[in-house]
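Structure assessment
The primary structure of each chain is shown beneath.
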Amino acid sequence: PFGENLTLSLEPIVDLYTSQTEHYRLVATMLNERGHEIAPEMFAHHVAQLGQRALLDTFVIRETLAILGQLRQRDGNLCVLVPIGAATLADRPHLQTILNYLAAAPDAAGGLVLDINHAVLASLPDASLEGLATLARRGVTLALSQASIAGIDLAALNKLNVRYVCLAAASLSLGTKTPAAVTGFIQAARALRIQAVI
């Protein structure tokens, strides 16, 4: 239903020490009727309002697994973070389709990381929480995006198989010196095998 106006692109996540691309974040956008690109957040919002988020996420995950199959031949540790919405987590048939895609491509599936917005996670309805628990039980790797270090329970995220916490640089007040709270958070996360992405 998205036609040929849907654009999928990979945004690199770069290791600051090596300046090498470690992982990618998948970005889905769409062109409007005037040919202008709709911002990813706005596009995701409108798709959710139209009741098509589960369909979009399922399609995007299928396409990402095809790309990952090729990327991981060059780098077996590479991951792609793919946004997933609350509606998809609550939609049993689409969630099962996603799990079937993962089972059919085990090599690529190891590099798929489903990315949940922190604000969305905090307000998930029961059906979405059940879907999230299903993913965690199946060993699907998760990421938390647009996170704030205040109020994050790293131990609980670890149990959900969250391996990446994505923090907005603007929220960290980074100047010439990294604040102690940020350093402490990153060290605590690392102890639980959770990587911080800024």
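Above this note sits the structure.
These notes cover the structure that comes with them. Just so we're clear, the structure is a prediction, and the values are computed from it rather than from any experiment. (Residues numbered from 1 in each chain as written. Predicted model: local features only at pLDDT ≥ 70, side-chain atom pairs only at ≥ 80, totals over all residues. Heavy atoms only, no water.)

Considering the overall build of the protein
Stated precisely, the cut-off is as follows: Strands are runs of DSSP state E lasting at least two residues, helices are runs of H or I lasting at least four, and both sets are numbered from the N terminus onward. Our radius of gyration is a C-alpha quantity, and the globule rule it is checked against amounts to 2.2 Å times the number of residues to the power 0.38. A simple rule labels every residue: compare its accessible area, found with a 1.4 Å probe on the protein chains alone, to the largest value its type can have, and call it buried under 20%, exposed over 50%, or partly exposed in between. A 1.4 Å probe and the Shrake-Rupley method give the accessible areas. Residues count as covered only by the protein chains that appear here. Under the convention used here, Asp and Glu are negative, Lys and Arg are positive, and both His and the chain ends fall outside the count. Charged groups are reduced to one reference atom each: NZ for lysine, CZ for arginine, CG for aspartic acid, CD for glutamic acid.
Broken down by element type, the protein carries 9 helices and 8 strands. Taking 198 residues into account, the globule formula puts the C-alpha radius of gyration at 16 Å, and the protein, at 17 Å, falls close to it. Taking the principal axes of its C-alpha atoms as reference, the protein extends roughly 50 × 40 × 35 Å. Going through the 198 residues of the protein one by one, you find that 39% of them count as buried. Accessible surface for the protein amounts to roughly 11000 Å². Of this, 53% is attributable to carbon and sulfur atoms. Distance between charge centroids for the protein: 8 Å, based on 14 positive and 16 negative side chains.

Quick look at the environment of Leu160
Using the following cut-off: Two residues form a contact once any of their heavy atoms are found within 4.5 Å.
Here Leu160 is to be found in the loop between α8 (154-159) and β7 (162-167). On the accessibility criterion, Leu160 (24% relative accessible area) is partly exposed. Separated by 18 residues in the primary sequence, Leu160 and Leu142 place their C-alpha atoms 7.6 Å from one another. Among residues more than four places away in sequence, those in contact with Leu160 are Leu132, Ala136 and Leu142.

Notes on the packing of helix α2 (residues 53-74) against helix α4 (residues 92-104)
Any two packed helices are characterised by how steeply their axes cross, that is the angle between the axes, and by the distance between the axes. Inclusion rule: Only the stretch in contact is used when fitting a helix axis, every axis being a line fitted to C-alpha atoms; angles between N-to-C directions are given from 0 to 180 degrees. These descriptions rest on fixed angle ranges, namely under 35 degrees for roughly parallel, over 145 for roughly antiparallel, 65 to 115 for roughly perpendicular, and the rest for oblique.
Between α2 and α4, the least distance of the axes is 10 Å, while the angle of their chain directions is 5 degrees. The angle between α2 and α4 falls in the class roughly parallel. Contacts between α2 and α4 involve Ala54, Leu55, Thr58, Ile61, Arg62 and Leu65 on the former and, on the latter, His94, Thr97, Ile98, Tyr101 and Leu102.

Brief notes about α4
Defined as follows: Expected span of a helix, by definition, is 1.5 Å for each gap between consecutive residues, and there is one gap fewer than residues. The directions from the helix axis to the C-beta atoms form the arc being described.
Here α4 spans 18 Å end to end across 13 residues, near enough to the 18 Å set by a 1.5 Å rise per residue. Every buried residue belonging to α4 is among Leu95, Ile98, Leu99 and Leu102, and all of these are buried. Projection of α4 onto a plane perpendicular to its axis shows the buried side chains occupying an angular sector of 95 degrees, all on one side. Opposite the buried face of α4, at more than 90 degrees from it, the exposed residues are Pro93, Ala103 and Ala104.

What to know about unusual backbone geometry
Positioned with a positive phi, Gln146 is a non-glycine residue whose angle comes to about 50 degrees. Mapped onto the elements of the fold, Gln146 is located in strand β6 (residues 141-147). The phi dihedral of Arg193 is positive, around 65 degrees, even though this residue is not glycine. For Arg193, a relative accessible area of 59% corresponds to the exposed category.

Let's talk about helix α7 (residues 126-137)
Taking 1.5 Å per residue, 12 residues should reach 16 Å; α7 reaches 16 Å between its end C-alpha atoms and fits that length. For α7, the secondary structure elements touched by its buried residues are α3 (86-90), α4, β5 (112-117), α6 (118-122), β6 and α8. Just beyond α7, the residue with positive phi is Gly139, at close to 85 degrees.

Some words on the pattern of salt bridges
The test is simple: We define a salt bridge as a side-chain nitrogen of Lys or Arg found within 4 Å of a carboxyl oxygen belonging to Asp or Glu.
This model, assessed by the stated rule, comprises 5 salt bridges. With a closest N to O distance of 3.3 Å, Glu130 and Arg92 form a salt bridge. In this pair, Glu130 is assigned in helix α7 and Arg92 in helix α4, connecting sequence segments 38 residues apart. Among the residues examined, Glu130 registers a relative accessible area of 45% and is labelled partly exposed. The structure contains a network of salt bridges with shared partners spanning Glu11, Arg25 and Asp115.

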